[in-house]
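Here is how the chains run, residue by residue.
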Amino acid sequence: MFYVTSSFIKDYSSDGWAFEIINLLKNNNIPFNISLNSFIEDHSFNKLNTFTHSSRSPNDFQLVINPACFLPQFTIDNKTIIYTMWDSSILPIEYVNTINKCQLVIVPSNETKKVFMRSGVSRPIEVIPHGFDRLSFYPKDNYNNNYGYTFIFGASGQIVSPKNDKKDLDKVISCFKTAFQNNENVELQLKITNESKSNIYIKHDERITYIKNTYANSNMPNWYRGLNCYVNLSKYEAFGRQPMEAMACGIPIITTNASGISDYYSNDMGYTIGHEEVAANCDPYVEGHWYEANEDEVVSQMRYVYKNQTEAYNTGAFASQMIQPFENANWHAKMLHLIKRYLY
């Protein structure tokens, strides 16, 4: 029997990979059980319909889908395939030792593969990039010049504290305030998670809108398409789903070209900003480095996109075409091929 094990079985946002793989297995008639030590969020439980929830025996193959820091809580052995990721330039030795017990590691980017190999992972590593649903994430039907209308920047992530913010939303806010005077017709929308500590750290400004709820995947495309520019200042991404989704929707992005995003982003697909290496400082990422965006360049690119809206729209349209090889059908096919190769 084949088991799926994960502590993040949800059907939305960047935590939806386990849920998506489970549906992939079901739709392709691959029999599997979900191990008893998995966590299935209540909202997602009802969407899984029928499945078997049982204990795995030592002879059963399993696919463990979790960030590397959660892997030690599971039994990892030579009948285990791990699908994992990590958001800094060094993988701590505890997680390296756990991963080295498995048969195969799957990671979402070449950057992550380099980090794992550099940190001491000795098991075979396959790279299968994440993807997007092209039937949901697609550009607007038409373009209207936005002069005279509110120009909307967007960013997304979790606000924890100004010193513990991998997505660097605090810098997005400060750059937005620096870039634009109060009388300019601009808005910043921040799609933040329910876990964000908004009562303490959110900066109050009538031009800034905080969307503090969990969007299902069906809601996210409409949010992206309502933007004029997406700003990605994340200090590190094993892959980076949100910039990809924004580009698929034809939205121009302002971003660094570092860490996992480099697997699908090139400088002609958006407005690239410089960066510098800084120490990772967000638990559990306390080793290695991140890449912090240059604030002056962020401000400059925000101003440029606002002043050159037709060019920005065309850049977003170009990116939406260039990103098509990463649509779901491709990564689904690669994942299925790999699973079948080890199962059969």
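In this text the structure is predicted, and so the values were computed from the model without any measurement.

Draft legend 1. Here's a closer look at the overall build of the chain. A count of helices and strands for the chain gives 11 helices and 15 strands. Counting only residues that meet the buried cut, the chain has 56% of its 344 residues in that class. Sequence-distant contacts, at least 24 apart, represent 63% of the contacts inside the chain between residues at least 6 apart. As displayed, the chain offers around 14,800 Å² of accessible surface, 47% of which is attributable to carbon and sulfur atoms.

Draft legend 2. A look at the pairing of strand S11 (residues 229-232). Of the two faces of S11, both are covered, the one formed by Cys229 and Val231 as well as the one formed by Tyr230 and Asn232. The pairing of strand S8 (residues 151-157) with S11 spans two bridges and is parallel. By the bridge assignment, Phe153 is partnered in S11 with Cys229. Alignment of S11 against strand S12 (residues 253-255), held across three bridges, turns out to be parallel. Within S12, the position partnered with Asn232 by the bridge is Thr255. As a crossover connection, the stretch from S11 through helix H8 (residues 241-248) into S12 is right-handed.

Draft legend 3. Structural context of the packing of aromatic side chains. Across all of its chains, the model carries 17 aromatic pairs by this definition. Ring centres 5.4 Å apart and planes at 40° place the aromatic pair Phe153 and Phe180 in the tilted group. Of this pair, Phe153 sits in strand S8 while Phe180 sits in the loop between helix H5 (169-179) and strand S9 (186-192), placing them 27 residues apart in sequence. Residue Phe153 is classed as buried on the basis of its relative accessible area, which comes to 0%. With 5.6 Å between their ring centres and 55° between their planes, Phe176 and Phe180 make a pair best called tilted. Both residues of the pair, Phe176 and Phe180, belong to the buried class. Every member of this aromatic cluster is reached through a ring pair, and the members are Phe151, Phe153, Phe176, Phe180 and Tyr306.

Draft legend 4. Summary view of the packing of helix H1 (residues 17-27) against helix H11 (residues 328-343). Where H1 meets H11, the closest approach of the two axes is 11 Å, and the angle between their N-to-C directions is 70°. The angle between H1 and H11 falls in the class roughly perpendicular. The element H1 and its partner H11 pack so that their crossing is right-handed. Across the interface between the two elements, Trp17, Glu20, Ile21, Leu24 and Leu25 from H1 touch Asn328, Trp331, His332, Met335, Leu336 and Ile339 from H11. Split by residue class, the contact of H1 with H11 holds eight nonpolar, two polar and one charged.

Draft legend 5. Geometry of the nonpolar core. Grouped together as the largest cluster of nonpolar side chains are 28 residues, with contacts concentrated most on Phe153, Val172, Leu190, Ile254 and Met302. Elements represented by at least two residues in this core include exactly S8, H5, S9, S11 and helix H9 (295-307). Among the elements that line this core, the one with the most residues is H5, at six residues. Among the nonpolar cores identified, the runner-up in size contains 27 residues, and Ile30, Ala238, Trp331 and Met335 belong to it.

Draft legend 6. Highlighting the side chain of Thr84. With respect to the helices and strands, the residue Thr84 is situated in the loop between strand S5 (80-83) and helix H3 (93-99). Within the structure, Thr84 has its side chain in polar contact with the backbone oxygen of Asn66 (distance 2.6 Å). Those residues in contact with Thr84 that sit more than four places away from it in its chain are Asn66, Pro67, Ala68, Leu71, Val105, Ile106, Val107, Pro108 and Phe116.

Draft legend 7. Fine view of the pattern of salt bridges. In the structure shown here, the tally under the stated rule is 11 salt bridges. Close ionic contact of Glu327 with Arg134 constitutes a salt bridge, the shortest N to O distance being 3.3 Å. Linking Glu327 in the loop between helix H10 (309-322) and H11 with Arg134 in the loop between strand S7 (125-127) and S8, this pair joins segments that are 193 residues apart in sequence. Glu327 gets classed as buried once you look at its relative accessible area, which sits at 17%. Close ionic contact of Lys166 with Glu237 constitutes a salt bridge, the shortest N to O distance being 3.1 Å. Of this pair, Lys166 sits in the loop between S8 and H5 while Glu237 sits in the loop between S11 and H8, and the two are 71 residues apart along the sequence. When sorted by exposure, Lys166 lands in the same class as Glu237, which is buried. One continuous salt-bridge network, built from bridges that share partners, spans Asp87, Lys166, Lys167 and Glu237.

Draft legend 8. Highlighting the sheet that holds S12. The strand order across the open sheet formed by six strands is S10-S9-S8-S11-S12-S13, and the pairing between neighbours is parallel. Either end of the sheet is taken by a strand with one partner, and the two such strands are strand S10 (208-212) and strand S13 (271-272). Bridge analysis of S9 against S10 gives five bridges, and the strand direction is parallel. Paired with Gln189 across the two strands is Thr209, which belongs to S10. Packing of H5 onto the sheet brings it into contact with S8, S9, S10 and S11, and relative to S9 it is tilted by some 175°.

Draft legend 9. How the structure looks around unusual backbone geometry. Backbone torsion omega between Asp283 and Pro284 reads 10°, so that peptide bond is classified as cis. Turning to its location among the elements, Pro284 is positioned in the loop between strand S14 (275-279) and strand S15 (289-293). Non-glycine residue Asn29 carries a positive phi angle of around 55°. Among the structural elements, Asn29 can be located in the loop between H1 and strand S2 (33-35). Even without a glycine there, the phi angle at Ser259 is positive, about 60°.

Conventions we followed
- Residues numbered from 1 in each chain as written.
- Predicted model: local features only at pLDDT ≥ 70, side-chain atom pairs only at ≥ 80, totals over all residues.
- Heavy atoms only, no water.
- Helix = DSSP H or I, 4+ residues; strand = E, 2+ residues; numbered from the N terminus.
- Buried < 20%, exposed > 50% of the residue type's maximum accessible area, 1.4 Å probe, protein only.
- Contact = heavy atoms within 4.5 Å.
- Areas by Shrake-Rupley, 256 points an atom, 1.4 Å probe, with all protein chains shown as cover.
- Pairing = 2+ DSSP bridges.
- Right-handed = clockwise from strand over helix to strand, strands pointing away.
- Phe/Tyr/Trp six-rings, centres within 6.5 Å; stacked < 30°, edge-to-face > 60°.
- Axes fitted to C-alpha atoms, helices over the stretch in contact; angles between N-to-C directions.
- Parallel < 35°, antiparallel > 145°, perpendicular 65-115°, else oblique.
- Left-handed = near helix turned anticlockwise from the far one by under 90°.
- Nonpolar A, V, L, I, M, F, W, Y, C, P; charged D, E, K, R; others polar.
- Core = buried A, V, L, I, M, F, W, Y, C linked by side-chain atoms within 4.5 Å.
- Polar contact = N/O pair within 3.5 Å; in protein donor to acceptor, adjacent residues only side chain to side chain.
- Salt bridge = Lys/Arg side-chain N within 4 Å of Asp/Glu carboxyl O.

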